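Listed here are the chains, written in short residue letters.
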Amino acid sequence: MLDARFVRENIDLVKKSLGDRNSTLPLEEFLGFEEQRRILLKEAEELRNKRNVVSEEIGKLKTRKQDASKLIEEMKGVSDKIRELDEKIRILEENTNEFLLNVPNIPDKTVPVGKDETENVEVRRWGEPRQFDFEPLNHWDIVEILDIVEFERAAKIAGARFSLTKGYGAKLERSLMNFMLDLNTSKGYKEVFPPILVNRESMKGTGQLPKFEMELFRIADPEFYLIPTAEVPVTNIHRNEILNEKDLPIYYTAYTPCFRREAGSYGKDVRGLIRQHQFNKVELVKFVKPEDSFQELEALTNNAEDILQKLELPYRVVALCTGDMGFSAAKTYDLEVWLPGQQRYREISSCSNFTDFQARRANIRFKREGKKGTEFVHTLNGSGLAIGRTLVAVLENYQQKDGSVVVPDVLRPLMGIEAIK
RNA sequence: GGAGAGGUGGCCGAGCCGGUCGAAGGCAGCCGCCUGCUAAGCGGUUGUGGGGGUAAAACCUCACCCAGGGUUCGAAUCCCUGCCUCUCCGCCA
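Rules used throughout
- Residues numbered from 1 in each chain as written.
- Chains lettered and ligands numbered in written order.
- Predicted model: local features only at pLDDT ≥ 70, side-chain atom pairs only at ≥ 80, totals over all residues.
- Heavy atoms only, no water.
- Pairing = 2+ DSSP bridges.
- Helix = DSSP H or I, 4+ residues; strand = E, 2+ residues; numbered from the N terminus.
- Axes fitted to C-alpha atoms, helices over the stretch in contact; angles between N-to-C directions.
- Buried < 20%, exposed > 50% of the residue type's maximum accessible area, 1.4 Å probe, protein only.
- Polar contact = N/O pair within 3.5 Å; in protein donor to acceptor, adjacent residues only side chain to side chain.
- Domains from an automatic or database assignment.
- Contact = heavy atoms within 4.5 Å.
- Buried area = accessible area lost by both parts, 1.4 Å probe.
- Salt bridge = Lys/Arg side-chain N within 4 Å of Asp/Glu carboxyl O.
- Near = heavy atom within 4 Å.
- Disulfide = S-S within 2.5 Å.
- Expected span 1.5 Å × (residues − 1).

A.B. asks: Which parts of the structure should I look at to understand the sheet that holds strand β1 (residues 121–126)?
C.D. replies: Within a beta sheet, neighbouring strands are joined by backbone hydrogen bonds and run either parallel or antiparallel to one another. Read across the sheet, 8 strands follow the order β1-β11-β12-β13-β16-β10-β9-β4 without closing on themselves; strand pairing throughout is mixed. The two strands at the open ends of the sheet, each matched to only one other strand, are β1 and β4 (190–192). Taking each pair of neighbouring strands and ignoring which way they run, the sheet shows an average axis angle of 25°. In this sheet, strand β16 (residues 378–386) lies alongside strand β13 (residues 344–353) in antiparallel orientation, the contact comprising 3 bridges.

A.B. asks: Would you mind going over the side chain of R346 with me for this structure?
C.D. replies: Examined against the element boundaries, R346 turns out to sit in strand β13. Since its relative accessible area comes to 8%, R346 is described here as buried. A distance of 3.0 Å separates a polar atom in the side chain of R346 from a polar atom in the side chain of D269. Within the structure, R346 has its side chain in polar contact with the side chain of Q342 (distance 3.3 Å).

A.B. asks: How do you make sense of the domain arrangement of chain A when you look at a structure like this?
C.D. replies: Often, the extent of an interface is quoted as the loss of accessible area on bringing the components together. Domain boundaries in chain A define domain 1 (4–101) and domain 2 (117–420). One C-alpha centre belongs to domain 1, the other to domain 2; they are set 43 Å apart. Listed by partner, the interface residues are 4 residues for domain 1 and 8 residues for domain 2. Of the roughly 560 Å² buried between domain 1 and domain 2 on both sides combined, carbon and sulfur atoms contribute 47%. When the buried area of domain 1 at its contact with domain 2 is split by residue, D20, R21 and L101 rank highest and sum to 90% of it. Seen at the junction of domain 1 and domain 2, the total is 0 salt bridges.

A.B. asks: Sorry if this is basic, but what is going on with the protein's contact with RNA strand B here?
C.D. replies: By nearness alone, 23 residues border RNA strand B, and E45, N49, K76, S79 and T374 come closest of all. The sugar-phosphate backbone supplies 68% of the atoms of RNA strand B found within 4 Å of the protein. Note that a sugar or linking oxygen of RNA strand B is positioned 3.2 Å from one of the side-chain N or O atoms of R365. Measuring from a phosphate oxygen of RNA strand B, one finds a side-chain N or O atom of K367 at 2.9 Å.

A.B. asks: Would you mind going over the state of the cysteines with me for this structure?
C.D. replies: Here, disulfide denotes a covalent bond that connects the sulfur atoms of two cysteines. Within this structure, the stated rule accounts for 0 disulfides. In this model C321 remains outside any disulfide bridge; the closest cysteine sulfur is found in C351, 17 Å from its own. Its sulfur unpaired, C351 is 14 Å from the next cysteine sulfur, which belongs to C258.

A.B. asks: Just checking my understanding: could you explain helix α8 (residues 168–186) for this structure?
C.D. replies: One turn of an α-helix holds 3.6 residues; hence residues three or four places apart share an orientation. The end-to-end C-alpha distance of α8, which contains 19 residues, comes to 26 Å, matching closely the 27 Å that a straight helix rising 1.5 Å per residue would cover. Inspection of α8 places G169, L172, E173, S175, L176, F179, M180, L181, L183 and N184 among the buried residues, and these make up the whole buried set. A positive backbone phi angle near 100° is found at G188, which sits one or two residues after α8.

A.B. asks: Whenever I open this one, the pattern of salt bridges confuses me. Can you help?
C.D. replies: It is possible for side chains bearing opposite charge to pair when their charged atoms get close. Scanning the entire structure with this criterion turns up 33 salt bridges. Here E150 and R153 are joined by a salt bridge, their closest N and O atoms 2.8 Å apart. Assessed through its relative accessible area of 13%, E150 is described here as buried. The class for R153 is partly exposed, based on a relative accessible area of 47%. What emerges from the salt-bridge pattern is a single network uniting E245, K289, E291, R368 and E375.

Structure (structure tokens):
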């Protein structure tokens, strides 16, 4: 969320940002509410001041056993008046808050302006797509040959868009998870294993709510939400906290299952493991000082890339344009891995700098050494990596003519075999 | 699930038969003084957010004693609801 004062003082910037993101909001109405709110707030505060002063006077009279009934009579009703004003202010605040919660983050100056994913900009490529001397298979065919993933039985147990890995499929998934966590922790990320059911406040803190309710699974009674990404619980670790400057930056990495409704994606990726209601992911999360955040985004993206490099999977890095970027992000790089079965690059990681957008919502601040007051931290996160899609990439890139799949070097100690046959 | 106890400032901990309490006292921290150095000692100081104010400060003001309501001229203190923590019993991966 943006700061109310920031919006009213930078109205043109906000207008441009909304335009670049293909969205509109009633800015003038917001300004009106804000103005009105501040007027009433002042009025209410003056009344409170009067109440404080006179009540203190009454207190003094009473302790001296003097008559205060006149003052008390005079003050009757003042609290009711304050209550009335408070109610009006509360409604105005609700309006402005409602508005602010729906304003997306301002894109960084370096973000390419564009209307949709076709205007994203490729930043770099790594690795050469392998040349096959046979027609490479889709992963859904590979897993069937190797008998390492069940779709029909998963559908029986749960429903469409669920899967069940088994044998070396399950072990590959576990190996990838360990490989990623170990690599990330070796770079200074602290491993955490958070709750995967969270409350509304946490979902608001990272920006999933109120706008994206339809993408979340919810438990009704008692109310909990299933996390769509570890970003939610991990960023909320420090909700409502004031951190010390010397503790920053803080780096976390977490493995969690992730749950997404995938509403509105009925036709997309119906086969295979690409788009599931439940999938595994290792996430990277950073809390940093404002002046460092864009450089930290580059580093975080590099850390995610390193996983692909060690797995020797070809990929490219794409800078998302204003029209394609997520609601809370100021800047985002997607990593897209090469899938021979589909002959195209597919998203496997998304790394974003949220600047102070999430921190303001989640109220995560820090205090500079020797300075008064507090500032909001900047938060960042990125997948490092989506495990299901990494599994797909390994299977498709390492497949052999005979249907077997060679295990990437770095995974062999974990898998205990050289190939899945 | 049953029975109790409790949530106060960076920490510990008073206050809780309503008034001068942003909150005693201690510890930690910071600034001075003192001391050959260290320790002890002495004096002062130390929260967050909002509104106004300023070139920036100073300053003025409002709110905050888990959260949200209520009673009252006035609430950390009384009442209600919720959340969380702890102890005992039961149940359980």
